[in-house]
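Descriptive structure summary
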Amino acid sequence: MSKSILIIVLACMIGSAHAHSIVPAMTSKIAYTETVDCGSVSLIDIFRRARLWVSQSAPDNKTLVDDKETGDLVTQGHITITIPRSENSAGGVYRFNYVLSVECANRKYRASLANVEYLDGNAGRSVPLEVFSQKNENKAAASELDAKLKALLADLQSNVKDYKPF
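A short tour of the structure in this document, coming up. The written sequence of each chain sets the order in which its residues are numbered from 1. At least 70 in pLDDT is required for a residue's local features to be given in this predicted model, at least 80 for side-chain atom pairs to be given and counted, and no such filter applies to totals for whole chains, interfaces and linings, which use all residues. Hydrogen atoms and water are omitted, and side-chain values are computed over all heavy atoms in the structure.

Some words on the pairing of strand E6 (residues 108–120)
Put simply, the rule reads: For two strands to be treated as a pair, DSSP must find at least two bridges joining them. Every helix listed is a DSSP run of H or I at least four residues long, and every strand listed is a run of E at least two residues long, numbered separately from the N terminus.
Where strand E5 (residues 92–105) lies against E6, nine bridges are found, and the strand directions are antiparallel. Within the sheet, the bridge partner assigned to Glu103 lies in E6 and is Arg110. Turn length for the E5-E6 hairpin, with the two strands adjacent in sequence and antiparallel, is two residues, and the turn residue Asn106 shows positive phi of about 50 degrees. Across four bridges, the pairing between E6 and strand E7 (residues 125–128) is antiparallel. When the sheet's bridge partners are listed, Asp120 is paired in E7 with Arg125.

Quick word on the layout of surface pockets
Definition in use: Of the two site types, the cavity is a set of points on a 1 Å grid over the protein atoms alone where a 1.4 Å probe fits but cannot get out, and the pocket is an open set with protein on both sides within 12 Å along at least five of seven lines, each lined by residues with an atom within 4 Å of a point. Grid points are joined across faces, edges and corners, and a volume is the space filled by probe spheres set on the points. Residue type decides the class: Asp, Glu, Lys and Arg count as charged, Ala, Val, Leu, Ile, Met, Phe, Trp, Tyr, Cys and Pro as nonpolar, and the leftover types, Gly among them, as polar.
Taken as a whole, the largest pocket spans an internal volume of roughly 220 Å³. Contributing to the lining of the largest pocket are Tyr94, Tyr118, Asp120, Asn122, Arg125, Val127, Val131, Phe132, Lys135, Glu137 and Asn138. Class assignment for the residues of the lining of the largest pocket results in five nonpolar, two polar and four charged.

Notes on the nonpolar core
Put simply, the test is: To form a nonpolar core, buried Ala, Val, Leu, Ile, Met, Phe, Trp, Tyr and Cys residues must be joined to one another through side-chain atoms within 4.5 Å. Relative accessibility thresholds used throughout: buried, under 20% of the residue-type maximum; exposed, over 50%; partly exposed, between the two (1.4 Å probe, protein chains only). For this analysis, residues touch if any pair of their heavy atoms sits within 4.5 Å.
Judged by nonpolar contacts, the single largest core of 36 residues is most densely connected at Leu100, Val102, Tyr109, Leu113, Phe132 and Leu145. Contributions of two or more residues to this core are made by strand E2 (30–37), helix H2 (43–57), strand E4 (72–83), E5, E6, helix H3 (129–132) and helix H4 (139–160). Contact partners of Val102, with chain neighbours within four places excluded, come to Ala50, Gly71, Asp72, Leu73, Tyr109, Arg110, Ala111 and Leu156.

Right, dumping it as structure tokens:
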């Protein structure tokens, strides 16, 4: 019994050692998640900075949850990617929806990008990212989307953790 508790504690310690990495999880509903330690910044300041970043970086995003008491912020947004035509690719314009959730607690925040879906304009339906990225003709768009989602989380971190007051 005590060995299993020790293993769980060690697993938690190892997990917290990687607190600043962006973890892709393309086989689940969560596409990316990142936990960032903000030092001595209070929960309300972390939440305020995250909400300010959302309103400035993507003013057309739809806010689903905005609770300063719990520190939860959830928005729904979209990314458009244009791939030029080349010898290896037909190119095209790809539009994706995503849900960004930011949970603030204990002087940290966890940002998760979930429910990333391709909006198929021809069929008028959404396609999960896992299905979209399996097709060879979509590899370039999936790679560009990967870069944009990572850049989105990096920009959030620079505007929340590394916030420069005026």
